[in-house]
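Examination of the molecular architecture
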Amino acid sequence: MSEPAVEAKVEVKQASKEVKESENAAEKYSAMTVSKNSEMNMGELASSVFSAVPTHKPVKKQIQFVEEKQEFSRFPTKTGRRSLSRSISQSSTDSYSSAASYTDSSDDETSPRDKTQINSKGSSDFCVKNIKQNEFGRREIEIAEQDMSALISLRKRAQSEKPLAGAKIVGCTHITAQTAVLIETLVALGAQCRWTACNIYSTQNEVAAALSETGVAVFAWKGESEDDFWWCIDRCVNTEGWQPNMILDDGGDLTHWVYKKYPNVFKKIRGIVEESVTGVHRLYQLSKAGKLCVPAMNVNDSVTKQKFDNLYCCRESILDGLKRTTDVMFGGKQVVICGYGEVGKGCCAALKALGAIVYVTEIDPICALQACMDGFRVVKLNEVIRQVDIIITCTGNKNVVTRDQLDRMKNGSIVCNMGHSNTEIDVASLRTPELTWERVRSQVDHVIWPDGKRVILLAEGRLLNLSCSTVPTFVLSITATTQALALIELYNAPEGRYKQDVYLLPKKMDEYVASLHLTTFDAHLTELTDDQAKYLGLNKNGPFKPNYYRY
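Throughout this document, residue positions are counted from 1 along each chain, in the order its sequence is written. A pLDDT threshold of at least 70 governs which residues receive local features in this predicted model, and a stricter bar of 80 or more applies before side-chain atom pairs are shown or counted, although totals over entire chains, interfaces and linings include all residues. Side-chain measures here rest on the full set of heavy atoms in the structure, leaving out hydrogens and waters.

Under an unreviewed UniProt entry, the name given to the chain is Adenosylhomocysteinase, and the source organism is Oryzias latipes. UniProt positions are given in the numbering used here, feature names are shortened, and annotations may be inferred rather than shown by experiment. Taken directly from UniProt, the Sequence similarities (unreviewed entry) text for the chain runs: "Belongs to the adenosylhomocysteinase family."

1. A short note on the packing of aromatic side chains
Pairs were defined over the aromatic rings of Phe, Tyr and Trp, the Trp ring being its six-membered one, requiring ring centres within 6.5 Å. Orientation was assigned from the angle between planes: stacked under 30 degrees, edge-to-face over 60, tilted for the rest. According to the stated counting rule, one finds ten aromatic pairs in the structure shown. Ring centres 5.3 Å apart and planes at 20° place the aromatic pair W230 and W257 in the stacked group. Within this pair, whereas W230 is found in helix α8 (residues 226-237), its partner W257 is found in helix α9 (residues 253-261), the two being separated by 27 residues in sequence. The exposure class assigned to W230 is partly exposed, which follows from its relative accessible area of 26%. A simple rule labels every residue: compare its accessible area, found with a 1.4 Å probe on the protein chains alone, to the largest value its type can have, and call it buried under 20%, exposed over 50%, or partly exposed in between. Among the residues examined, W257 registers a relative accessible area of 16% and is labelled buried. Directly above the aromatic system of F376 lies the positively charged group of K352, at a separation of 5.1 Å from the ring centroid. Whether a charge sits over a ring comes down to the Lys NZ or Arg CZ being within 6 Å of the ring centre and within 35 degrees of the ring normal. One residue, K545, lies across the ring of Y549, its end atom 5.3 Å from the ring centre. Note on conventions: DSSP H or I runs of at least 4 residues are helices, E runs of at least 2 residues are strands, and numbering of each starts at the N terminus.

2. A word on the pattern of salt bridges
Between Lys or Arg on one side and Asp or Glu on the other, a salt bridge is scored when a side-chain nitrogen of the former is within 4 Å of a carboxyl oxygen of the latter. In total, this model carries 20 salt bridges according to the counting rule given. For D227, the salt bridge identified is with R113, shortest N-O distance 2.8 Å. With D227 in helix α8 and R113 in the loop between α3 (78-91) and α4 (134-146), the pair connects residues that are 114 residues apart, well separated along the chain. With relative accessibility at 31%, the residue R113 sits in the partly exposed group. Sharing partners across several salt bridges, the network here consists of R431, R439, D445 and E460.

Quick look at the structure:
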């Protein structure tokens, strides 16, 4: 027999042996899948399959697996729910780490309040998840700086003048890489800062560690309890030998705490800068009651916040948050957006572009008319509650989605919030004995009714985009620059310029913030001639619009 023939015979025998071993593996796998009494979870099943399959080179013969036909009821059975929850939770993070923070906090469940940590400078005046994560956080901040060139430019221009020298700023905002660039800019401009988080789920632990390493007193970590939240705020304000004279707030919780708990400190505050609808509403309430004893700047209603952060940021981040948490397909889904302000407009535009059928609820006839002209049907929530797939709240109000409405939603519906406050969805009403909560992945809960119906609740009704994903760095640079300028303005304003009231950012300052960001796009502004400026009655250098102008 020739040598090629011998080699061919050997190869045939080897292939036959491999096919036989593969068929044995298939039989072993089939026996496991057919067994109805098997209680294996997904991880155990995968391990068994991989251990059964031989590790030789693959053969061409296709392995045929036995399929077990199953009848599925409309809703999973109680046993099925338990096994599903068990298998998913083992592979997902029940800790408070999410896509917004790339660190895994599951390795240490000890509360930061129970740990003593010291940074490289020997300071322990901070409370974060793990100070050892600071190097990774530093890289995150450096990446954010690349897309926040305007804020870095402001830092370089004003660093030598130190316009915030002597300022002691206590801040309560989301603690992310982008916010860290703002905080470090304030420090570079001469301020001393102590910081805490305005949202218990949005803190990036590694960024908090990086700030603490540089000497900023940060009290925040992802997954704080309500008690932790207020404890962190108090630690920022109530410290020996340091008293704040400026407040930067997002939501009004810090301002409320200082006003209620430390009235003497509150009276000595030189200015408050607030960037959220909720916080601004609280400030106007204090002002109307005659209890606001310091000037405050309403950044939320500045043009550079409303028209950029609220609109463009939410237009992109709503999709990111929903995809990361649910992997939902938007095409053909029926979605209700509650509120057609700038946030609602951004959400509607994004979802419409991906083929969703979008409804809008509104209380304001002007916003409602805008929604109609943009091609959206304006409805009452109760009119469509039984048929919609997704509800997104964007109002800044409370009880926008009630328990009665949640009871009538269909199985598998998604409910989430894009407003600052966690009051828009009546989450408290869902914490009752007859309803079961299952955490299926980080920031994703299935609330299960007695009949098996599931409603998917994201971030426990808190801000979706910063709790479950990230937001575009560039647009946050616009808001952060606005906040920095507002602090500089209030701190350096001569006595008497601002009384004990709430003010909008001067138009000239809005235009300056916008101009700093135009260089990113290589944009070139047209300049007015002297004759044109005279004709319009404008200064050639601005402001170019009156205060009453609506962009």
